[in-house]
Amino acid sequence: MNDNSYTCNGCRRVLSYSDYPPVVGTEGHTCPDCSKGAKEIAAEVDWRLKQCGIDGEITLDYHTNKLPLIQLCEKYDYSESEILHRVELCVSYIEGEKRKDIPYAEWTKR
Ligand SMILES: [Zn+2]
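Because the structure is predicted, anything quoted here is derived from the model rather than measured.

The rules behind these values
Residues numbered from 1 in each chain as written. Predicted model: local features only at pLDDT ≥ 70, side-chain atom pairs only at ≥ 80, totals over all residues. Heavy atoms only, no water. Donors = N, O, S within 2.8 Å, 3.2 Å for Na, K, Ca; no water. Helix = DSSP H or I, 4+ residues; strand = E, 2+ residues; numbered from the N terminus. Buried < 20%, exposed > 50% of the residue type's maximum accessible area, 1.4 Å probe, protein only. Contact = heavy atoms within 4.5 Å. pLDDT = per-residue confidence, 0-100. Expected span 1.5 Å × (residues − 1).

**Describing the coordination of the zinc ion**
Then step 1. Every protein donor of the zinc ion is listed here as Cys8 (SG), Cys11 (SG), Cys31 (SG) and Cys34 (SG), and their distances to the metal cover 2.2 to 2.3 Å.
Then step 2. As a motif over one chain, the donors of the zinc ion read C-x2-C-x19-C-x2-C.

**Regarding unusual backbone geometry**
Peptide bonds are trans in most cases, and residues, glycine excluded, mostly fall at negative phi.
Then step 1. For Arg12, which is not a glycine, the phi torsion comes out positive at approximately 65°.
Then step 2. Counting through the fold element by element, Arg12 comes out in the loop between strand S1 (5-7) and strand S2 (14-16).

**Points about the side chain of Asp61**
Then step 1. By the element assignment, Asp61 lies in helix H2 (residues 53-64).
Then step 2. Using a relative accessible area of 7% as the deciding quantity, one classes Asp61 as buried.
Then step 3. The residues touching Asp61, leaving out its near neighbours within four places in the chain, are Lys66, Leu67, Leu72, Lys75 and Tyr76.

**Concerning the confidence of the model for the protein chain**
Then step 1. The predicted model of the protein chain averages 92 in pLDDT, with 97% of residues at 70 or higher.
Then step 2. Within the protein chain, no element has a lower average pLDDT than strand S3 (residues 23-25), which sits at 83, and none a higher one than helix H3 (residues 69-76), at 98.

**Examining H2**
Then step 1. Helix length check: H2, at twelve residues, gives a terminal C-alpha distance of 16 Å against a target of 16 Å (1.5 Å per residue), a fit within 8%.
Then step 2. For H2, the full list of buried residues reads Asp55, Gly56, Ile58, Thr59 and Asp61.
Then step 3. Structurally, H2 contributes buried residues whose contacts are with helix H1 (32-51), H3, helix H4 (80-94) and helix H5 (104-109).
Then step 4. In the stretch just after H2, Lys66 is the one whose phi turns positive, near 55°.

Here it is as structure tokens:
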């Protein structure tokens, strides 16, 4: 390791600045491959969240915006357990390698 190299925060490879210019962000140095992957994942999660309607918005507020539960209850007019249940459903819908092959409304009925 010398001055011209860095360790990618994603794949932990040691890469050279000149050959693989890193993307520097809050996560540290990330190689071009990893930062591209992260962007694609973010776009995919975004798309899936949109399929979940109001539950997607709640999940975004809960996980990404870190709103406290009490505030979510007021904002969406649901009880705490209802909020947590919806977040759980939504997360189970958006997680996984592939998109679910049924709409969110169907998914929640199973
Ligand atoms: Zn990497």
